[in-house]
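One-letter residues, chain by chain:
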Protein chains: 4
Amino acid sequence: MIITINSQASSQDRAQLMSLLNRLADSMLPAVCTSMGSREVLVIENKAIDPEAQQILLQHPAVEKLTPVKTPYQLVSRTFQQETSSITIGNSRSSTPVTVGGTTSVPVIMAGPCSVENREQILRIAREVKEAGGQVLRGGAFKPRTSPYQFQGLGVEGLRLLAEAREETGLPVITEVMDIAMLDTVAEYTDVLQIGARNMQNYALLQAVGRHSKKLPVLLKRGLSATIEEWLLAAEYIVASGNPNVMLCERGIRSYDTQTRNVLDLTCVPLLQELTHLPVIIDPSHATGKRELVPAMSRASIAAGAHGLIIETHYDPAKAISDARQTISTEQLRQISREARELAHILRGDAVLDVA
Amino acid sequence: MIITINSQASSQDRAQLMSLLNRLADSMLPAVCTSMGSREVLVIENKAIDPEAQQILLQHPAVEKLTPVKTPYQLVSRTFQQETSSITIGNSRSSTPVTVGGTTSVPVIMAGPCSVENREQILRIAREVKEAGGQVLRGGAFKPRTSPYQFQGLGVEGLRLLAEAREETGLPVITEVMDIAMLDTVAEYTDVLQIGARNMQNYALLQAVGRHSKKLPVLLKRGLSATIEEWLLAAEYIVASGNPNVMLCERGIRSYDTQTRNVLDLTCVPLLQELTHLPVIIDPSHATGKRELVPAMSRASIAAGAHGLIIETHYDPAKAISDARQTISTEQLRQISREARELAHILRGDAVLDVA
Amino acid sequence: MIITINSQASSQDRAQLMSLLNRLADSMLPAVCTSMGSREVLVIENKAIDPEAQQILLQHPAVEKLTPVKTPYQLVSRTFQQETSSITIGNSRSSTPVTVGGTTSVPVIMAGPCSVENREQILRIAREVKEAGGQVLRGGAFKPRTSPYQFQGLGVEGLRLLAEAREETGLPVITEVMDIAMLDTVAEYTDVLQIGARNMQNYALLQAVGRHSKKLPVLLKRGLSATIEEWLLAAEYIVASGNPNVMLCERGIRSYDTQTRNVLDLTCVPLLQELTHLPVIIDPSHATGKRELVPAMSRASIAAGAHGLIIETHYDPAKAISDARQTISTEQLRQISREARELAHILRGDAVLDVA
Amino acid sequence: MIITINSQASSQDRAQLMSLLNRLADSMLPAVCTSMGSREVLVIENKAIDPEAQQILLQHPAVEKLTPVKTPYQLVSRTFQQETSSITIGNSRSSTPVTVGGTTSVPVIMAGPCSVENREQILRIAREVKEAGGQVLRGGAFKPRTSPYQFQGLGVEGLRLLAEAREETGLPVITEVMDIAMLDTVAEYTDVLQIGARNMQNYALLQAVGRHSKKLPVLLKRGLSATIEEWLLAAEYIVASGNPNVMLCERGIRSYDTQTRNVLDLTCVPLLQELTHLPVIIDPSHATGKRELVPAMSRASIAAGAHGLIIETHYDPAKAISDARQTISTEQLRQISREARELAHILRGDAVLDVA
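Here is what the cut-offs are and how they apply
Residue numbering note: each chain is counted from 1, following its sequence as written. Naming scheme: in the order in which they are written, chains are lettered from A and ligands are numbered from 1. Totals for whole chains, interfaces and linings use all residues, but because this is a predicted model, local features are given only for residues with pLDDT of at least 70 and pairs of side-chain atoms are given and counted only at 80 or more. For side-chain calculations, the full set of non-hydrogen atoms in the structure is used, while hydrogens and water are omitted. Here pLDDT means the predictor's own confidence in every residue, given as a number from 0 to 100. Note on contacts: a residue pair qualifies if any of its non-hydrogen atoms lie within 4.5 Å across the two residues. Only DSSP runs of H or I with at least four residues qualify as helices, and only runs of E with at least two residues qualify as strands; both kinds are numbered from the N terminus onward. What counts as buried area is the accessible surface, traced by a 1.4 Å probe, that two parts surrender upon association, with contributions from both included. Counted as salt bridges are all cases of a side-chain nitrogen of Lys or Arg within 4 Å of a carboxyl oxygen of Asp or Glu. Centre distance within 6.5 Å is the pairing criterion for rings of Phe, Tyr and Trp, where only the six-membered ring of Trp is used; planes under 30 degrees apart are then read as stacked, over 60 as edge-to-face, and the remainder as tilted. Categorising residues by exposure relies on relative accessible area from a 1.4 Å probe, with only protein chains included: less than 20% of the type maximum marks a residue as buried, more than 50% marks it as exposed, and the intermediate range marks it as partly exposed. By definition here, charges over rings are those cases where NZ of Lys or CZ of Arg is within 6 Å of the ring centre and within 35 degrees of the ring normal. Two strands form a pair only when DSSP identifies at least two bridges running between them. Working convention: axes come from line fits to C-alpha atoms, limited for helices to the stretch in contact. Angles between N-to-C directions cover 0 to 180 degrees. Think of a polar contact as two N or O atoms within 3.5 Å of one another; within protein, one of them needs to be a possible hydrogen donor and the other a possible acceptor, and neighboring residues in sequence only count if both atoms come from side chains. Under the scheme applied, nonpolar residues are Ala, Val, Leu, Ile, Met, Phe, Trp, Tyr, Cys and Pro; charged residues are Asp, Glu, Lys and Arg; polar residues are all the others, including Gly.

Engineer: Now, about the confidence of the model for chain A: what can you tell me, with residues and values included?
Structural biologist: Reading predicted coordinates in detail is not appropriate for stretches of low pLDDT. Per-residue pLDDT for chain A averages 92, and the proportion of residues at 70 or more is 95%. Confidence drops under pLDDT 50 across residues 351–356 of chain A; counting only partners more than four residues distant or on other chains, this segment forms 19 contacts.

Engineer: Before we move on, can you summarise the environment of M182(C) with the specific residues and values?
Structural biologist: Residue and element names in this part refer to chain C. Position of M182 among the secondary structure elements: in the loop between strand 9 (173–176) and helix 5 (183–189). When the C-alpha atoms of M182 and R338 are compared, they prove to be 36 Å apart, with 156 residues separating the residues in sequence. Excluding residues that lie within four positions of it along the chain, M182 makes contacts with F142, V156 and V177.

Engineer: Any details on the interface of chain D and chain C? Residues and values, ideally.
Structural biologist: With 43 residues of chain D at the contact, the number on the chain C side is 43 residues. Both sides together, the interface formed by chain D and chain C hides about 3600 Å², and carbon and sulfur atoms give 67% of it. For the interface between chain D and chain C, the tally reads two salt bridges. A salt bridge links R222(D) to D257(C); the nearest nitrogen and oxygen atoms lie 4.0 Å apart.

Engineer: Let's hear about the packing of aromatic side chains: which residues, and what values?
Structural biologist: Ring pairs (aromatic) are described by centroid distance and by the angle formed between their planes. Residues and elements named next belong to chain A. Taken as a whole and judged by the stated rule, the model has four aromatic pairs over all chains. For the ring pair Y203 and Y237, a centre distance of 4.3 Å and an interplane angle of 20° mean the geometry is stacked. Here Y203, found in helix 6 (residues 203–211), pairs with Y237, found in helix 7 (residues 228–240); they are 34 residues apart in sequence, far enough to count as distant. By the burial criterion, Y203 is buried, and Y237 matches it. A cation sits over an aromatic face here: R124 above Y315, 3.8 Å from the ring centre.

Engineer: Please give an account of the sheet that holds strand 3 (residues 39–43) of chain B that cites residues and values.
Structural biologist: All names here are of chain B. Taken in spatial order, the four strands of this open sheet run 2-3-1-4, and their pairing is antiparallel. The strands lining the two open edges of the sheet, one partner per strand, are strand 2 (32–36) and strand 4 (63–67). On average, adjacent strands in this sheet sit at an angle of 25° to one another, irrespective of strand direction. Here strand 1 (residues 2–5) runs beside strand 3; their pairing, made up of three bridges, is antiparallel. Bridged to I2 within strand 3 is V43.

Engineer: Can you explain the interface of chain D and chain B? Please cite residues and give values.
Structural biologist: Listed per partner, the contact involves four residues of chain D and four residues of chain B. Approximately 310 Å² of surface area, both sides summed, lies buried where chain D meets chain B, with 79% of it carried by carbon and sulfur atoms. Our count for the contact surface shared by chain D and chain B stands at zero salt bridges. Connecting chain D to chain B are zero residue pairs in polar contact (both at pLDDT 80 or more). Grouping the constituent residues of the side of chain D that touches chain B by class yields one nonpolar, two polar and one charged.

So, in structure tokens, the structure goes:
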């Protein structure tokens with residue numbers, strides 16, 4: 001149940017509403033108060049308020065609207081918000097803003113290396129990504145590695161290099177934040193905060209990212225074996241903590257076949273479009289683990305309705321120090337970007353097809 | 001290792017070759033002799049023949065060519081045959097032949113009800129499927145049902161009704177064969193033999209279908225948790241038994257999330273195109289289990305490069321006595337068929353795009 | 001809903017009951033008539049008969065009892081039969097009969113090679129298995145192999161050798177039947193029919209085995225990714241076709257980790273004991289795929305309550321031509337048998353423990 | 001490769017060794033220096049040092065020993081340490097110390113509620129757990145909940161109540177730490193730090209727990225779909241950060257069947273005993289999700305060789321505010337504790353069996 005607060009409500013009205021709620025509902029009510037766009041909302045579990053209590057609430061001056069939501073996730077559900085969220089990346093920096101979701105029919109292309117390796121590498125890749133049609137530069141500075149003995153990223157130095165690449169190319173930047181302690185630092189440099197698959201249910205991190213004052217867009221990767229509901233509830237943690245700018249990123253789920261790194265669950269795209277207003281981005285690199293499968297799955301992602309792609313790209317994929325096997329060349333990126341835009345045009349009806 | 005037999009080889013030459021092989025190779029040599037198109041071939045495990053023995057074999061008059069294949073599947077591998085197989089459905093009957101795979105850029109659309117229910121139902125669906133752009137009529141006569149107390153199909157009566165629908169519409173027919181005892185009967189009526197997911201490793205059935213004199217095209221569904229390699233080896237059983245006309249059908253693999261019936265592993269399309277020359281068909285109905293997800297996943301399948309779709313379709317989906325939840329209307333089929341053809345045109349370069 | 005037929009009912013009574021049922025229930029009623037022990041039963045889907053109709057049925061002279069069963073599987077459910085089934089192996093042959101399930105607290109140990117390889121091998125293994133405490137000899141004559149180019153078993157010659165080993169040792173024999181065409185032949189030689197994991201949903205085979213006149217005990221292996229319910233429904237197919245002597249065999253389910261061949265789902269033991277009266281056997285060889293893990297998992301299986309074990313055993317495991325990696329020595333079998341019996345004694349309260 | 005540092009080495013020797021290593025090995029060498037018991041060790045990736053370099057290293061005065069380890073995890077491997085780690089819980093507090101692993105044959109029983117709910121509840125459960133044979137009290141104060149609208153635990157108040165229950169009963173306490181920010185606080189109250197399944201790859205948390213000055217024992221739960229190798233590498237993160245007192249806890253992995261909450265992968269017990277020296281604890285409550293399955297799986301766990309159990313227990317399971325369905329009564333706990341100790345005695349040879 002979502003209670004939209006009347007914007008004219010006085011602070012006294014609000015206090016009264018809270019005590020009314022405490023009387024009407026369960027004693028252990030875990031209500032969450034947050035803001036969605038220009039409105040404040042209160043969220044409580046559906047079962048907590050019976051129909052009679054709803055009538056009483058509706059008459060309270062602090063209440064503008066009640067939205068009953070049947071799913072455990074509430075703020076991220078389509079029931080609460082009909083229109084697909086429109087998220088702007090790179091708003092307030094030396095970069096060209098990019099819009100994801102909303103009414104745009106142009107899929108966003110995020111591309112770049114698995115890891116920022118050195119200045120020359122990231123600057124060259126940034127230039128080539130831009131030239132190939134990419135709109136956002138990805139690059140890992142803090143890397144979550146399965147083994148403590150693997151390269152863990154350049155850290156803050158990596159963040160600085162990403163910012164330098166943005167200065168030079170105008171591409172906004174996305175990079176992963178693994179740890180609350182580094183959140184302020186990462187947020188100082190990046191345009192999008194990425195939360196990795198391993199941290200999808202790191203609730204402390206989700207809440208810290210939700211509360212962070214910058215409200216930067218967040219790319220929330222799906223956990224290795226997360227259900228759609230668990231994923232949406234992880235997004236709900238961020239939104240309920242105050243940051244509605246969440247994008248979901250499918251990067252493959254764990255399976256039994258070793259031919260691909262993961263199984264790309266592309267059906268999540270139309271399914272999520274029914275269930276949530278958050279935009280959906282596909283990561284065909286981690287999903288497949290093989291660069292030769294990336295072009296076909298990029299096309300398929302756009303055809304399924306995805307709002308964008310995030311693709312590991314390098315001018316010389318074989319030389320990437322991590323994830324080389326799944327990294328494409330900037331040359332391939334050019335082709336994928338072009339196809340993605342063409343497909344989106346056709347499928348969203350902005351183009352006519354002249355069949356030979 | 002595949003040994004292509006010289007077409008001029010006498011029967012004495014062949015006998016000599018067999019005894020030469022027995023001398024050169026392992027005593028327990030499980031060699032398989034079959035024909036591929038106009039050529040006879042012998043297939044043996046790769047390790048069975050060392051390089052020196054290969055040299056001796058090459059000089060034998062019955063040997064035209066040796067093709068070493070590194071994968072456990074051999075006849076179905078791209079290494080053995082570079083070009084995608086072209087399979088003709090409905091060749092010798094009162095139907096319009098349809099080509100799948102090969103050099104055609106037109107995806108095949110197979111559609112129809114889960115079960116043949118009665119004469120009126122199947123005739124009406126057949127007419128509507130044809131009118132909506134479908135080229136092959138699907139319909140279950142023998143149904144593999146999880147419970148013995150569920151409707152098991154109309155049996156032979158269902159086959160007869162399918163044949164009648166073919167007579168009337170010219171659409172060739174695909175239906176499942178579950179059992180060797182019924183193979184002759186099913187083959188008498190159908191144009192394509194479907195082998196269901198539950199029977200993917202029913203080797204006796206695979207071999208019987210491979211040996212059957214009609215060499216009807218076979219649609220081999222992927223087992224519920226089959227690896228790509230197990231699936232290709234199941235196809236190899238059919239081809240090695242004498243029938244090269246095999247299409248692979250992905251219908252979703254088992255997963256942990258109950259939001260969809262299965263997980264559609266669409267990445268198998270570009271992966272299979274690397275590994276095998278057999279065409280690949282997608283079944284978005286069983287893969288998703290929800291009709292509202294079928295259109296998006298049909299588009300995605302074609303964008304990934306699939307050679308066709310098989311879709312559960314009914315004039316009144318809610319009334320289907322089995323699989324109603326995943327059955328689309330013939331109206332939706334029309335839209336899907338059109339989109340599939342358009343997408344295939346664009347992606348295969350036969351159309352130019354005029355972006356508005 | 002299970003209708004137990006009155007044993008005094010005349011054939012006229014029965015005919016009347018059937019027409020009564022047809023009137024009372026759905027027109028497409030898929031009722032199954034079979035015998036359970038000394039009683040005939042009719043099984044229909046639960047929803048087919050409403051409470052009022054039940055009252056009418058109860059008054060019919062051919063009806064002895066109505067048993068409503070809430071699960072889709074009915075005859076195999078604990079609701080229908082409270083006591084664990086007692087199954088006798090090797091009843092009518094030159095072998096020592098062995099009882100599985102029922103009230104016995106002694107777990108059955110089935111052991112032997114993956115494949116029957118030759119006379120010397122199987123006779124020696126049979127003697128050693130018996131001497132090590134094994135009660136049933138396993139051995140594959142027809143082998144379901146993933147590749148058509150792998151050794152497919154000795155066939156009928158293998159069956160003959162198994163029978164010879166039984167003659168010599170008195171151990172009853174279990175072997176797999178893959179194919180209806182070979183059912184009579186296999187049944188002529190074996191004491192237990194094994195249905196492999198790949199054929200768990202080969203309904204034609206399940207029904208043929210159920211109908212076979214000998215009513216030999218059946219060991220039904222769980223499919224690679226079968227749910228508990230699908231597995232019980234597969235057993236229901238056999239029982240509903242006339243053979244109640246079914247044992248369930250867990251052999252590991254497919255998973256994502258390659259450290260073991262499969263994941264042994266041992267929790268199925270207490271779960272099945274709630275749901276069904278059929279005995280449960282564990283196959284730690286296929287479940288783990290590594291011989292060093294077999295002893296611990298054998299102990300765990302008995303501790304979980306399993307009625308027996310089936311273990312791949314060879315006098316020289318490294319020389320087994322199939323499944324060598326998971327085959328234990330007859331020496332290890334001796335230890336496992338002893339431990340299994342001791343554990344079963346303690347856990348079922350037949351022994352007192354004198355803690356040092 | 002693990003380099004054990006000579007305990008007599010001067011700081012100059014050590015510095016020289018580091019610069020020698022930098023010369024001998026890869027430039028981007030990610031070496032980790034930590035202490036294992038009384039010895040300092042350096043760990044580097046195996047491939048980083050070639051055999052010739054190893055000879056040079058061996059002659060350096062700061063080097064006591066080189067241990068090549070073939071697996072990606074090194075410090076936790078059996079290759080590095082032959083004997084099972086012995087971990088003492090509750091060493092320095094108002095509690096009775098408990099030893100896990102090492103040479104003890106007595107399995108540890110950890111029990112208590114899912115969540116600490118209030119003073120009366122936790123004190124009563126603690127008393128009953130102790131009386132039933134439990135040795136460690138579990139209880140959640142900070143709860144990782146899938147939904148932000150679910151009860152998130154009593155927080156610090158819960159920690160205080162756990163400490164009070166320890167005061168009263170002498171039972172050491174285990175509770176979960178979800179967040180680095182709360183680590184000092186949780187460590188102030190608890191005897192064992194639990195890391196939950198969702199945080200198994202939260203590397204920042206693993207490292208913080210490893211570095212924490214108290215070196216409290218850590219119970220590391222297996223991630224929902226973690227491979228054995230990923231799990232051991234997560235443990236390696238903790239040990240390489242300075243805390244060798246790690247216990248592994250299997251709590252079920254994700255699967256496709258909804259009959260149980262997860263699939264208990266009990267085979268991990270003998271497998272881990274081959275691969276690692278860390279003790280293994282089983283959580284049959286989360287693994288099965290159903291209280292009626294807990295006793296059988298507790299027996300099976302001990303029979304498989306587990307070093308202990310952690311079980312959700314309540315005096316009135318139905319009233320637990322979280323995980324009620326899988327919580328057993330203290331009465332059942334008494335039975336499980338007794339059986340677990342008896343089984344361990346028998347299997348480890350400390351008891352003789354007098355079969356009636």
